[in-house]
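# Structural features, examined
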Amino acid sequence: MTEINLVQADGANTADAARKVAVVTGAGSGIGRAVALELARADWAVALAGRRTEALDATAALAREGAPVLAVRTDVTRPEDVDALFRAVREHFGRLDLLFNNAGSFGPPVPLEELAYEDWRSVVEVNLTGAFLCAQAAYRLMKNQDPQGGRIINNGSISAHVPRPNSIAYTATKHAMTGLTKSLSLDGRKYGIACGQIDIGNAATEMTERMQPGTLQANGTLAVEPVMDAADVARTVLHMASLPLEANVQFATVMATAMPYIGRG
């Protein structure tokens, strides 16, 4: 059974037609949480999606001073979960203006020849199939609502451009995300559905904590890499989301300034 929890902030009206509505996947932690909180502070109604109910509730609690927040336990690899998520959004908020397609998994950082099939498949299912299922559901809702249209922002990665060592599954899915973004942009054009991609490098989240002792470089050495605040990513997403549908940030790269991206390898 899908778990749904609506957190109604003081003075907030769920049915306020002037308030924009967003879905954020992977909203229980990291970049997803930072973006959800930034949107809520900007008076967006936000549906939080993720697999961990406790983490979603924690994000919702942090957003309590903002607009209405809907927490929906969702496994983005399961079509029935995704359908339930967007059905809940339609029932509670009436429309959808933004999907931030953020849920993702890195997988075990092991040499290519040691990567298990199950680990490859798990990363592909979350990062690519999950992004597709959510985009498809958002597209259907945006196409059929009145007024028509909306925006999808995909979380790519700088790995959509250049890989790290021992990251073949993650890198392959992030390159595929770029193709997904371009196809969504083209197919959504006639319905007023804009799609862009934010490629993020070294935001300080739970995922990058493992990098603190040092990260494997292409030359085989370990190096400590700088990170940036996830709030800087969230402000960028809010800017992309706040543009009129006549304008679109197609691709944006936001990264820790001194990280080894330019010249990587």
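Described in the following lines is the structure provided in the data block. (Residues numbered from 1 in each chain as written. Predicted model: local features only at pLDDT ≥ 70, side-chain atom pairs only at ≥ 80, totals over all residues. Heavy atoms only, no water.)

### Some remarks on the overall build of the protein chain
Threshold: Numbering of helices and strands runs from the N terminus; a helix is a DSSP stretch of H or I covering at least four residues, while a strand is a stretch of E covering at least two. Our radius of gyration is a C-alpha quantity, and the globule rule it is checked against amounts to 2.2 Å times the number of residues to the power 0.38. Residue burial is assigned from relative accessible area. The probe radius is 1.4 Å, only protein chains are included, and a residue is buried under 20% of its type maximum, exposed over 50%, and partly exposed in between. By definition in these notes, contact holds between two residues if any of their heavy atoms fall within 4.5 Å. Throughout, the Shrake-Rupley method with a 1.4 Å probe supplies accessible areas, and for residues the shown protein chains are the sole cover considered. Neither His nor the chain termini are counted; the positive set is Lys and Arg, and the negative set is Asp and Glu. Each charge is placed at NZ for Lys, CZ for Arg, CG for Asp and CD for Glu.
The helix and strand tally for the protein chain stands at six helices and ten strands. Here the C-alpha atoms of the protein chain give a radius of gyration of 18 Å, agreeing with the 18 Å that 2.2 N^0.38 yields for 265 residues. Along the three orthogonal principal directions, the C-alpha set of the protein chain runs to about 55 × 40 × 35 Å. Out of the 265 residues belonging to the protein chain, those deemed buried represent 53%. A separation threshold of at least 6 residues defines the contact pool for the protein chain, and within that pool the share at least 24 residues apart is 71%. With the model as given, the accessible surface of the protein chain reaches about 12100 Å², and the carbon-plus-sulfur share is 52%. The protein chain carries 24 positive and 28 negative side-chain charges, and their two centres are separated by 5 Å.

### Some points on the side chain of Asp97
Stated formally: In protein, a polar contact requires one atom able to donate a hydrogen and another able to accept it; more generally it is a pair of N or O atoms within 3.5 Å, and residues adjacent in sequence count only if both atoms are side-chain atoms.
For Asp97, the location among the structural elements is in the loop between α3 (79-93) and β5 (98-101). Only 3.1 Å separates the side chain of Asp97 from the side chain of Arg95, close enough to count as a polar contact. Residues within four places of Asp97 in sequence aside, it is in contact with Arg19, Lys20, Val21, Trp44, Met142, Gly150 and Arg151.

### Structural notes on the environment of Thr221
Structurally, Thr221 can be placed in the loop between β8 (215-216) and β9 (222-223). Residue Thr221 is classed as partly exposed on the basis of its relative accessible area, which comes to 38%. Separated by 105 residues in the primary sequence, Thr221 and Ala116 place their C-alpha atoms 25 Å from one another. Side-chain polar atoms of Thr221 contact the side chain of Asn219, separated by 2.6 Å.

### Topic: the pairing of strand β6 (residues 150-155)
Put simply, the test is: Strands are treated as partners if at least two bridges between them are detected by DSSP.
Most of β6 sits out of view: six of its six residues are buried. Side chains Gly150, Ile152 and Asn154 project from β6 onto one buried face, and the interleaved Arg151, Ile153 and Asn155 project onto a second face that is buried too. Where β5 and β6 come together, four bridges link them in parallel fashion. From the neighbouring strand, Leu99 faces β6, where its bridge partner is Ile152.

### Points about the nonpolar core
This is how the line gets drawn: For the purposes of this section, nonpolar cores are sets of buried Ala, Val, Leu, Ile, Met, Phe, Trp, Tyr and Cys residues that join through side-chain atoms within 4.5 Å.
Leu39, Ile198 and Val233 are the most contacted members of the largest nonpolar core, which totals 40 residues. In this structure Ile198 touches Phe100, Ile153, Asn154, Asn155, Gly156, Ser157, Val233, Thr236, Val237, Met240, Ala252 and Val254, once residues within four positions along its chain are discounted. Judged by nonpolar contacts, the second largest core, of 33 residues, contains Ala45, Val72, Val76 and Leu85.

### Observations regarding the side chain of Thr171
As for its position among the elements, Thr171 is in helix α5 (residues 168-188). Overall, the relative accessible area of 10% leaves Thr171 in the buried class.

### Here we look at the packing of α3 against helix α4 (residues 117-144)
Applied cut-off: Every angle, taken between N-to-C directions, lies between 0 and 180 degrees, and every axis is a line fitted to C-alpha atoms, over only the stretch in contact when it is a helix. Helix crossings get a hand from a simple test, with the near helix turned counterclockwise from the far one by less than a right angle marking a left-handed crossing and a clockwise turn marking a right-handed one. For this scheme, ten residues count as nonpolar: Ala, Val, Leu, Ile, Met, Phe, Trp, Tyr, Cys and Pro. Four count as charged, namely Asp, Glu, Lys and Arg, and the remainder, Gly too, count as polar.
Following both chains from N to C, one finds α3 and α4 inclined at 35°, their axes separated by 10 Å at the closest point. By crossing handedness, the relation of α3 to α4 is classed as right-handed. Side by side, α3 and α4 meet where Pro79, Val82, Phe86 and Arg90 of the first sit next to Leu133, Cys134, Ala137, Ala138 and Leu141 of the second. Residues that form the contact of α3 with α4 fall into these classes: eight nonpolar, no polar and one charged.

### Focus: the packing of aromatic side chains
Worth spelling out the cut-off: Note on ring pairs: Phe, Tyr and Trp rings are taken, using the six-membered ring of Trp, and paired if centres are within 6.5 Å. Classes follow the plane angle, with under 30 degrees stacked, over 60 edge-to-face and the rest tilted.
In the structure shown here, the tally under the stated rule is two aromatic pairs. On the numbers, 4.7 Å between centres and 40° between planes, the contact of Phe106 with Tyr170 is tilted. Separated by 64 residues along the polypeptide, Phe106 in the loop between β5 and α4 and Tyr170 in helix α5 bring together distant segments of the chain. Given a relative accessible area of 10%, Tyr170 falls into the buried group. Considering the side-chain rings of Tyr139 and Tyr191, the 5.9 Å spacing of their centres and the 85° angle between planes classify their relative orientation as edge-to-face.

### Focus on the state of the cysteines
So the rule is basically this: Counting rule for disulfides: a pair of cysteine sulfur atoms within 2.5 Å.
For the coordinates displayed, the defined rule picks out zero disulfides. The structure places no disulfide on Cys134, whose sulfur is separated from the nearest cysteine sulfur, that of Cys195, by 13 Å. Classification of Cys134 by relative accessible area gives buried; the value is 0%. Here Cys195 falls in the buried class, since its relative accessible area comes to 1%.

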